[in-house]
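So the chains spell out like this:
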Amino acid sequence: MNTQPNIVLVHGAWADGSSWSAVIERLQADGYTVTAPQFPMAALSADVARLRQVLARQNGLTIVAGHSYGGQIMTALGTDAPNVVGLVYIAAFGLDQGESIGALLGQGPPSPALAHLSIDAQGFAWLPEDDFVHHFAADVDPVKAWVMYAVQQPLAGSALQEVMGVPAWKALPSWFLVADGDQAIPPDAERLFARRMGATTVEVPTNHVAMVSHPQDVVQLIETAAQGHVQGSGV
């Protein structure tokens, strides 16, 4: 009997499910059932609905890992996340009740990756090529970074103003990977998120898309969370 929890991976803004490819390969090789769906990025409620849709398809207990805005999506599950037994934040937002991403980022100068957002006629924010390749994906091979730029999923600008309700991390154990060279989310903000949620925390010398540039570190933290659940449940 396989006692390992399922793994659901939540991509962030300006990325898609393929950003997890190197992580997926490693987790699958270690026997995990992994799902990395695509999220619409049109409204937080729609993204949470997609996550719930995917969670309902899991057979058994599940660890959810989110990158960047993906942390916002899984945090917004609140205290109603059936069969979810742990949250893993990868250079991600971990807001508390009453907070918004826009208000948080507005406390200081724009981070290099987000300094020149291009808002289209539908109100979606895109990253320009230079900021994407040299700041958002700064430690990724440029050829791969340009591919990531080509498939970027824009984020509805309104999502930055959505206020968090009761966060899921208040009801679930959490793990956090702080990217100490992050040029999108300030590393000190990531440390604050991790500290507030009492997360088991690791720091990695990487830029924002750690799952692409440092997949083994990401896999190690996700598997630590999964194994921690198995040991804690006495299975």
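Here, the structure is the one placed above.
Residues numbered from 1 in each chain as written. Predicted model: local features only at pLDDT ≥ 70, side-chain atom pairs only at ≥ 80, totals over all residues. Heavy atoms only, no water.

Caption draft 1: Here's a closer look at the sheet that holds strand β4 (residues 84-90). The strand order across the open sheet formed by 6 strands is β2-β1-β3-β4-β8-β9, and the pairing between neighbours is parallel. Because the sheet does not close on itself, it has two edges, and the strands there are β2 (34-35) and β9 (200-204). With 6 bridges connecting them, strand β3 (residues 62-67) and β4 associate as parallel partners. Paired with T62 across the bridge in β4 is V84. (Pairing = 2+ DSSP bridges. Helix = DSSP H or I, 4+ residues; strand = E, 2+ residues; numbered from the N terminus.)

Caption draft 2: Quick look at the layout of surface pockets. In this structure, the largest pocket occupies an estimated 390 Å³ of space. I101, L104, L105, L114 and A184 are the residues nearest the centre of the largest pocket, which is lined by 26 residues in total. Those elements giving two or more residues to the lining of the largest pocket turn out to be α4 (101-105) and α7 (187-196). Take the lining of the largest pocket: its biggest share by element is 4 residues, from α4. Within the lining of the largest pocket, the residues separate by chemical class into 19 nonpolar, 7 polar and no charged. (1 Å grid on protein atoms, 1.4 Å probe; cavity = no way out; pocket = protein on both sides within 12 Å on 5 of 7 lines; lining within 4 Å. Points joined across faces, edges and corners; volume = space filled by probe spheres on them. Nonpolar A, V, L, I, M, F, W, Y, C, P; charged D, E, K, R; others polar.)

Caption draft 3: Highlighting the pattern of salt bridges. The tally for this structure, following the rule as stated, stands at 5 salt bridges. Taking the shortest distance from any N to any O, the salt bridge between K170 and D96 comes out at 3.3 Å. Of this pair, K170 sits in the loop between β7 (155-156) and β8 (174-179) while D96 is found in the loop between β4 and α4, placing the two residues 74 residues apart along the sequence. Look at the salt bridges and you will find they share partners, linking D188, R191 and E203 into a network. (Salt bridge = Lys/Arg side-chain N within 4 Å of Asp/Glu carboxyl O.)

Caption draft 4: Fine view of the packing of helix α5 (residues 129-136) against helix α6 (residues 142-150). Two numbers describe how α5 lies on α6: the axes approach to 10 Å, and their chain directions differ by 130°. By the angle between their axes, α5 is oblique relative to α6. In this structure, α5 meets α6 at a crossing whose hand is right-handed. Of the residues in α6, those in contact with E129, F132 and V133 of α5 are A145, W146, M148 and Y149. Its residues assigned to classes, the contact of α5 with α6 shows 6 nonpolar, no polar and 1 charged. (Axes fitted to C-alpha atoms, helices over the stretch in contact; angles between N-to-C directions. Parallel < 35°, antiparallel > 145°, perpendicular 65-115°, else oblique. Left-handed = near helix turned anticlockwise from the far one by under 90°. Contact = heavy atoms within 4.5 Å.)

In short, shape yes, function no, at least from these values alone.
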